[in-house]
Amino acid sequence: MVYLKTVVLLAVIAVYQISSQNNVPIRASKETLEKIDGELRNKIAEERGNLRLAAGFVRLSFHDCVGEGRCDGCIDSGNPDNNGLQRYIDVLSGVYNDHKDEITRADLFAFAGVVAANEASREDAQFDMSHFKVGRADCSSDGQENDPNEHFPGNNMQNLGEVTKFFNAAFGLNEQESVALMGAHSLGRMETRNSGYEGPWVNNIERLDSAYYQEVAERRWFLKVMPESNGQKHQWERRGPTGGSGNREGGNPGAKALLSTDGAIAFNMHLNQESGAFLDNQECSMCGVANNPPRREAECCEKNSGYNICREYSANNPQWMNDFAGAFYKMIDSQQTNLSSPVSVTTTDATTPRPTKAPKPGRKPGKKGKKGKKRQDFFHTKKSHNDAKSNRIRHRIQKLMKELREVSDQVKKMKNY
């Protein structure tokens, strides 16, 4: 009996391997994504204030999507631009190992960014999860990047044209979308040990909102040289005057900072591309809403077309979130030709409406609790009957593969008797 079952399972796995050779990745079902969604939110809640998982997951999604392979579930651990990501990869590796027969690592990295963005967003403007698609293929089985030529945006961009040029080439974003995507910097902070820069961009580093644009476009900023960098790294800080030493690791943890690339979405600067220092006789300060520089300071940096976009986002968080979500999905879907909406593997009739739960006592019909409101968009996406049927077959094959491994283990044990 064991032999017969093994033969059948081997035949099934052969069919599956043919499918795999044709580059057909596993497509996570809605049920799988719902389980992973809950696991990720629990981890974010458990580690809040420690690893800052929400910020890390969003950053990881971006770094995974840079390069020729786009979002491929692989990170080059030897690239200094990826410093600090391993802690977040380790967390997701645990989740992946529990679901590796149900989801690709590439889809997991992208989905973690979507869940994190939703979890960290405000009630008045929540990140919409309903547009997430599955079907991204992994570049390798171990998650190690095989593209040594990934190029990340530099920290010393000097104007909006340079920022847009990078994001357009990488993800097809236009000027406004490029400015919108930069708002991800409202999450997390810079750390000297990872990048040589130090400080948060905003006050609340665990909230994804448009506060970032208020900092960029409406505050005064002065260029500082980073300590122990031998003049090779510069960042912008609120305390004047221009020049002098920047934030130190272990110093004031609330001392905010901007990279020149942050400032470039609203102001034009003339910098040394390598060190970020001003070119000779090109000093300026970012004056924000002020029209004149502080006393004894160089003139204000010239405003560019992104300045008004930043002011609009600063005053309208829902508008920014809508634009940010569009840019984010464009990023994680970039050059992916076989993506599809996740479907249910348990639904036999895709046209059957989802049952409506009775409201809890004391809650008015139609109102959602905080947690439910964040997740409802994703869980109520439309289903495709054909996709659902294909997904059920695929997951049945995956289940049979798991049984095959169990049978193989049993045969090995019998041989040892």
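Owing to the predicted nature of the structure, the values given are computational and were not obtained by experimental measurement.

Procedures and definitions
Residues numbered from 1 in each chain as written. Predicted model: local features only at pLDDT ≥ 70, side-chain atom pairs only at ≥ 80, totals over all residues. Heavy atoms only, no water. Helix = DSSP H or I, 4+ residues; strand = E, 2+ residues; numbered from the N terminus. Buried < 20%, exposed > 50% of the residue type's maximum accessible area, 1.4 Å probe, protein only. Contact = heavy atoms within 4.5 Å. Areas by Shrake-Rupley, 256 points an atom, 1.4 Å probe, with all protein chains shown as cover. Pairing = 2+ DSSP bridges. Arc of directions from axis to C-beta. Polar contact = N/O pair within 3.5 Å; in protein donor to acceptor, adjacent residues only side chain to side chain. Core = buried A, V, L, I, M, F, W, Y, C linked by side-chain atoms within 4.5 Å. Domains from an automatic or database assignment. Disulfide = S-S within 2.5 Å. Salt bridge = Lys/Arg side-chain N within 4 Å of Asp/Glu carboxyl O. 1 Å grid on protein atoms, 1.4 Å probe; cavity = no way out; pocket = protein on both sides within 12 Å on 5 of 7 lines; lining within 4 Å. Points joined across faces, edges and corners; volume = space filled by probe spheres on them. Nonpolar A, V, L, I, M, F, W, Y, C, P; charged D, E, K, R; others polar. pLDDT = per-residue confidence, 0-100. Axes fitted to C-alpha atoms, helices over the stretch in contact; angles between N-to-C directions. Parallel < 35°, antiparallel > 145°, perpendicular 65-115°, else oblique. Left-handed = near helix turned anticlockwise from the far one by under 90°. Phe/Tyr/Trp six-rings, centres within 6.5 Å; stacked < 30°, edge-to-face > 60°. Lys NZ or Arg CZ within 6 Å of the ring centre and 35° of its normal.

**A look at the overall build of the chain**
A count of helices and strands for the chain gives 14 helices and seven strands. Taken across its 417 residues, the chain has 50% of its residues classed as buried. Expressed as a percentage of contacts within the chain between residues at least 6 apart in sequence, the contacts between residues at least 24 apart total 72%. Summing over all exposed atoms, the chain offers an accessible surface of approximately 20,600 Å²; the carbon and sulfur share of this is 48%.

**Re the pairing of strand β4 (residues 234-237)**
Every second residue of β4 is oriented toward a common face, with His 234 and Trp 236 on one face and Gln 235 and Glu 237 on the other, all of them buried. As judged from the four bridges shared by strand β3 (residues 222-225) and β4, these two strands associate in the antiparallel manner. Looking at the pairing, Lys 224 lines up with Gln 235 of β4. One ladder, built from two bridges, connects β4 with strand β5 (residues 257-258); its direction is antiparallel.

**So, helix α11 (residues 306-315)**
The set of residues buried in α11 consists of Gly 306, Tyr 307, Ile 309, Cys 310, Tyr 313 and Ser 314. For α11, the buried positions fall inside an angular range of 160° around the axis, keeping them on one side. Exposed and facing more than 90 degrees away from the buried side of α11 are Asn 308 and Ala 315. Contact partners of the buried residues in α11: α6 (160-171), α7 (175-181), α9 (211-218), β6 (267-268), β7 (302-303) and α12 (317-332).

**Brief notes about the side chain of Lys 256**
In this structure, Lys 256 sits in the loop between β4 and β5. At 3.5 Å, the side chain of Lys 256 forms a polar contact with the side chain of Asn 203.

**A look at the sheet that holds β5**
Across the sheet, three strands lie side by side as β3-β4-β5; this open sheet has antiparallel pairing. Unpaired on one side and paired on the other, β3 and β5 mark the two borders of the sheet.

**Remarks on the nonpolar core**
Counting residues in each nonpolar core, the largest one holds 93 residues, and the members touching the most others are Phe 57, Ile 265 and Ile 332. Among the elements that take part in this core, helix α5 (residues 105-120) stands out by supplying ten residues, more than any other. When residues of this core are sorted by domain, at least three fall in each of domain 1 (1-131) and domain 2 (160-241 + 251-324).

**Digging into the state of the cysteines**
Tallied over the entire structure, the rule returns four disulfides. The side chain of Cys 284 participates in a disulfide bridge whose partner is Cys 301; the two sulfur atoms lie 2.1 Å from each other. Sign of the S-S torsion, about 85° for the bond between Cys 284 and Cys 301, identifies this disulfide as right-handed. Taken as a pair, Cys 284 in the loop between β6 and β7 and Cys 301 in the loop between β6 and β7 lie far apart in primary sequence, 17 residues in all. Taken individually, Cys 284 and Cys 301 each receive the classification buried, so the pair is uniform in this respect. Each disulfide in the chain links cysteines that, numbered along the sequence, combine into the pattern 1-2, 3-4, 5-8, 6-7.

**Quick notes on the pattern of salt bridges**
Per the counting criterion, the structure on display carries 16 salt bridges. Salt-bridge contacts for Glu 177 lead to Lys 330; the nearest nitrogen and oxygen are separated by 3.2 Å. Of this pair, Glu 177 sits in helix α7 while Lys 330 is found in helix α12, placing the two residues 153 residues apart along the sequence. For Lys 330, a relative accessible area of 34% gives the class partly exposed.

**Considerations on unusual backbone geometry**
The step from Gly 240 to Pro 241 runs through a cis peptide bond, and the omega angle for that step is 0°. If you trace the backbone, Pro 241 turns up in the loop between β4 and β5.

**Considering the layout of surface pockets**
By volume, the largest pocket amounts to about 970 Å³. As for the largest pocket, its lining consists of 36 residues, of which Arg 59, His 63, Asp 81, His 185 and Trp 201 are closest to the centre. Elements with a minimum of two residues in the lining of the largest pocket: α3 (53-65), α4 (86-99), β1 (189-190), α8 (192-195) and α12. No other element matches the six residues that α3 contributes to the lining of the largest pocket. Of the residues in the lining of the largest pocket, the class split is 18 nonpolar, eleven polar and seven charged. No fewer than three residues from each of domain 1 (1-131) and domain 2 (160-241 + 251-324) sit in the lining of the largest pocket.

**A look at the confidence of the model for the chain**
Looking at the chain as a whole, the pLDDT averages 83, with 75% of positions reaching at least 70. In this model, residues 7-22 is a region of pLDDT below 50 whose contacts with residues beyond four sequence positions or in other chains number 14 contacts. Long-range and interchain partners of residues 379-385, a stretch whose pLDDT sits below 50, account for 16 contacts in this model, where long-range means more than four residues apart.

**Structural notes on the packing of α4 against α5**
Interaxial distance between α4 and α5 falls to 11 Å at its minimum, and their mutual angle equals 120°. Of the possible angle classes, the one that applies to α4 and α5 is oblique. Considering the relative orientation of α4 and α5, their crossing is right-handed. Contacts between α4 and α5 involve Ile 89, Leu 92, Val 95 and Tyr 96 on the former and, on the latter, Arg 105, Leu 108, Phe 109 and Ala 112. Split into classes, the residues belonging to the contact of α4 with α5 amount to seven nonpolar, no polar and one charged.

**Re the packing of aromatic side chains**
What characterises a pair of aromatic rings is the spacing of the ring centres plus the angle enclosed by the ring planes. Inspection of the entire model under this criterion finds 16 aromatic pairs. Measuring from ring centre to ring centre gives 5.3 Å for Phe 166 and Phe 167, while their planes differ by 80°; the resulting arrangement is edge-to-face. A single burial state applies to Phe 166 and to Phe 167, both of which are buried. Plain terms: the ring middles of Phe 324 and Phe 328 are 5.8 Å apart, the flat faces sit at 40° to each other, and that makes the pair tilted. Separated by four residues within a single helix, Phe 324 and Phe 328 lie in helix α12, roughly one turn from each other. Its relative accessible area of 1% is what places Phe 328 among the buried residues. These aromatic residues form a ring-pair network of at least three members: Phe 127, Tyr 212, Tyr 213, Tyr 313, Trp 320, Phe 324, Phe 328 and Tyr 329. Between Arg 105 and the ring centre of Tyr 96, over which it is positioned, the NZ or CZ distance is 4.3 Å.

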